[in-house]
Amino acid sequence: PRKIIIDTDPGQDDAVAILLALASPEEIDVLGITAVAGNVPLSLTARNARIICELAGRPEVKVFAGCDRPMIRPLVTAEHVHGQTGLNGPVLPDPTMPLQDQHGVDFIIETLRREDAGTVTLCVLGPLTNIAMAFKMAPDIVEKVEEIVLMGGAYFEVGNITPAAEFNIYVDPDAAAVVFGAGVPLVVMPLDVTHKALVTRARIEAFRSLGNASGIAVAEMTDFFERFDKEKYGSDGAPLHDPCVTAYLLQPDLFQGRQINVEIETGSELTLGMTVADWWGVSGRKDNALFVGNLDADGFFALLTERIARLP
Ligand code: BDR
Ligand code: CA
């Protein structure tokens, strides 16, 4: 199986992404989960990550708390999307599994130093703070990363937190600039693709009718989570942003994108956190990311439903 670290700010869609990974042990070995401040503050994201591991029947998974705020700017959160706990919707028990003592950034550094070069993939579902801090503190680990697959940014779909920026990149644009400039192979799931991964009524009911605790929780999470996008965009259900990252690891042929140059705006207040994506190759700058634009939504939901069915 492919060794991964999941870096996350759960978040209902983060939760579904984590469940998909934990439901797929033959393909994916989750070395650890590092929480970061994002959708809600760190104390809640670190807690939510553990709630999800226990829901999946995997209390032995190591969960670490990472950075509690962006590198330079004050934290911006998204309770208006995810609710006060970040995981509003289902009623799930408090976690009993421990939070690891080690800092999430130290865990990332130690793991990449220990494992063979090119064998660990970083799956990033929130602001890029933990990853950028690890790269700053231990530049030797950068070349050891196999690949970074992340949810963030937007091109034709522009922004969801400001007119120009997507939330994960906007919250810590300075960290995003470090990661996009690091020279590591990058796969980016921007809003352009995640807005096509819509949980319609029928798809929610398919999760619920699995009848297992995980399927019911996924249905209840998306019931809550779809409110925001339905009102805002008039879309048919909620976009499952972050599960695009873990689905890509399992079935990359569900996705289509283009290898292009992407730079992060860190100066302008108006367009802060914008992913300036050179889709037409007009800049002459070197490609640094596979920017994904499309997916087979039916195939994606078939995979997700089949895997969630395997969980408790
Ligand atoms: C991203 O922001 C968060 O609200 C979601 O969890 C996702 O990672 C979408 O812009
Ligand atoms: Ca997220």
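Shown above is the structure to which this text applies.
Residues numbered from 1 in each chain as written. Chains lettered and ligands numbered in written order. Predicted model: local features only at pLDDT ≥ 70, side-chain atom pairs only at ≥ 80, totals over all residues. Heavy atoms only, no water.

### Section: the nonpolar core
Membership of the largest hydrophobic core comes to 67 residues, with the highest contact counts inside it found for Leu-19, Val-30, Ile-33, Met-189, Phe-255, Phe-300 and Leu-304. It is helix H1 (residues 12-22) that provides the largest number of residues to this core, a total of eight residues. Residues within four places of Met-189 in sequence aside, it is in contact with Leu-150, Met-151, Gly-152, Thr-194, Cys-244, Val-245, Tyr-248, Phe-255 and Val-292. (Core = buried A, V, L, I, M, F, W, Y, C linked by side-chain atoms within 4.5 Å. Buried < 20%, exposed > 50% of the residue type's maximum accessible area, 1.4 Å probe, protein only. Helix = DSSP H or I, 4+ residues; strand = E, 2+ residues; numbered from the N terminus. Contact = heavy atoms within 4.5 Å.)

### Some details on the coordination of the calcium ion (ligand 2)
Within the first shell, the calcium ion (ligand 2) binds the protein through Asp-9 (OD), Asp-14 (OD), Asp-14 (OD), Leu-125 (O) and Asp-242 (OD), at distances of 2.2 to 2.5 Å. Each donor residue of the calcium ion (ligand 2) lies on one chain, and together they are spaced D-x4-D-x110-L-x116-D. Taken together, the residues Leu-125 in the loop between strand E4 (120-124) and helix H5 (129-137) and Asp-242 in the loop between strand E8 (238-239) and helix H11 (243-250) connect sequence positions 117 residues apart. In this structure, Leu-125 and Asp-242 share a single accessibility class: buried. (Donors = N, O, S within 2.8 Å, 3.2 Å for Na, K, Ca; no water.)

### Some words on the environment of Glu-26
Within the fold, Glu-26 resides in the loop between H1 and strand E2 (28-35). With 224 residues separating them along the chain, Glu-26 and Leu-250 place their C-alpha atoms 10.0 Å apart.

### Structural notes on the sheet that holds E2
Hydrogen bonding along the main chain pairs the strands of a sheet, whether they run parallel or antiparallel. An order of E3-E2-E1-E4-E5-E6-E12-E9 is seen for the eight strands of this open sheet, with the pairing classed as mixed. Both edges of this open sheet fall to strand E3 (63-65) and strand E9 (255-260), since each of them pairs with a single strand only. Taking each pair of neighbouring strands and ignoring which way they run, the sheet shows an average axis angle of 25 degrees. As defined by bridge partners, E2 adjoins E3 across three bridges and the pair is classed as parallel. Its bridge partner lying in E3, Ala-35 is registered against Ala-65. Here H11 sits on the sheet in contact with strand E1 (2-8), E2, E4, strand E5 (145-151), strand E6 (186-189), E9 and strand E12 (289-295), set at roughly 140 degrees to E5. (Pairing = 2+ DSSP bridges. Axes fitted to C-alpha atoms, helices over the stretch in contact; angles between N-to-C directions.)

### A few points about the pattern of salt bridges
Counted by the stated rule, this structure contains 19 salt bridges. Here Arg-47 makes a salt bridge to Asp-94, at a shortest N to O gap of 2.3 Å. Of this pair, Arg-47 sits in helix H2 (residues 42-55) while Asp-94 sits in the loop between helix H3 (79-82) and helix H4 (104-114), and the two are 47 residues apart along the sequence. Of the residues examined, Asp-94 reaches a relative accessible area of 52% and is grouped as exposed. A salt bridge links Glu-205 to Arg-201; its shortest N-O distance comes to 3.0 Å. Note that Glu-205 and Arg-201 are positioned in helix H9 (residues 201-208) at a spacing of four residues, about one turn of the helix. In this structure, a network of salt bridges that share partners links the residues Lys-3, Glu-110, Arg-114 and Glu-115. (Salt bridge = Lys/Arg side-chain N within 4 Å of Asp/Glu carboxyl O.)

### A word on the site of ligand 1
Every residue near ligand 1 is listed here: Asp-13, Asp-14, Asn-39, His-82, Leu-125, Met-151, Asn-160, Glu-166, Phe-167, Asn-168, His-241 and Asp-242. Contacts to ligand 1 include Asp-13, whose side-chain N or O atom sits 2.7 Å from an oxygen atom. At 3.0 Å from an oxygen atom of ligand 1 is found a main-chain nitrogen or oxygen belonging to Leu-125. If ligand 1 stood free it would expose 280 Å²; the protein chains cover 97% of that surface. Residue assignment for the shell around ligand 1 shows that the elements contributing at least two residues are H1 and helix H6 (167-171). (Near = heavy atom within 4 Å. Polar contact = N/O pair within 3.5 Å; in protein donor to acceptor, adjacent residues only side chain to side chain. Areas by Shrake-Rupley, 256 points an atom, 1.4 Å probe, with all protein chains shown as cover.)

### Notes on unusual backbone geometry
With an omega of -10 degrees, the peptide bond between Pro-10 and Gly-11 qualifies as cis. Structurally, the position occupied by Gly-11 is in the loop between E1 and H1. Although it is not a glycine, Val-158 sits at a positive phi angle of roughly 40 degrees. One can find Val-158 in the loop between E5 and H6.

Function cannot be inferred from these measures alone, as they are strictly geometric.
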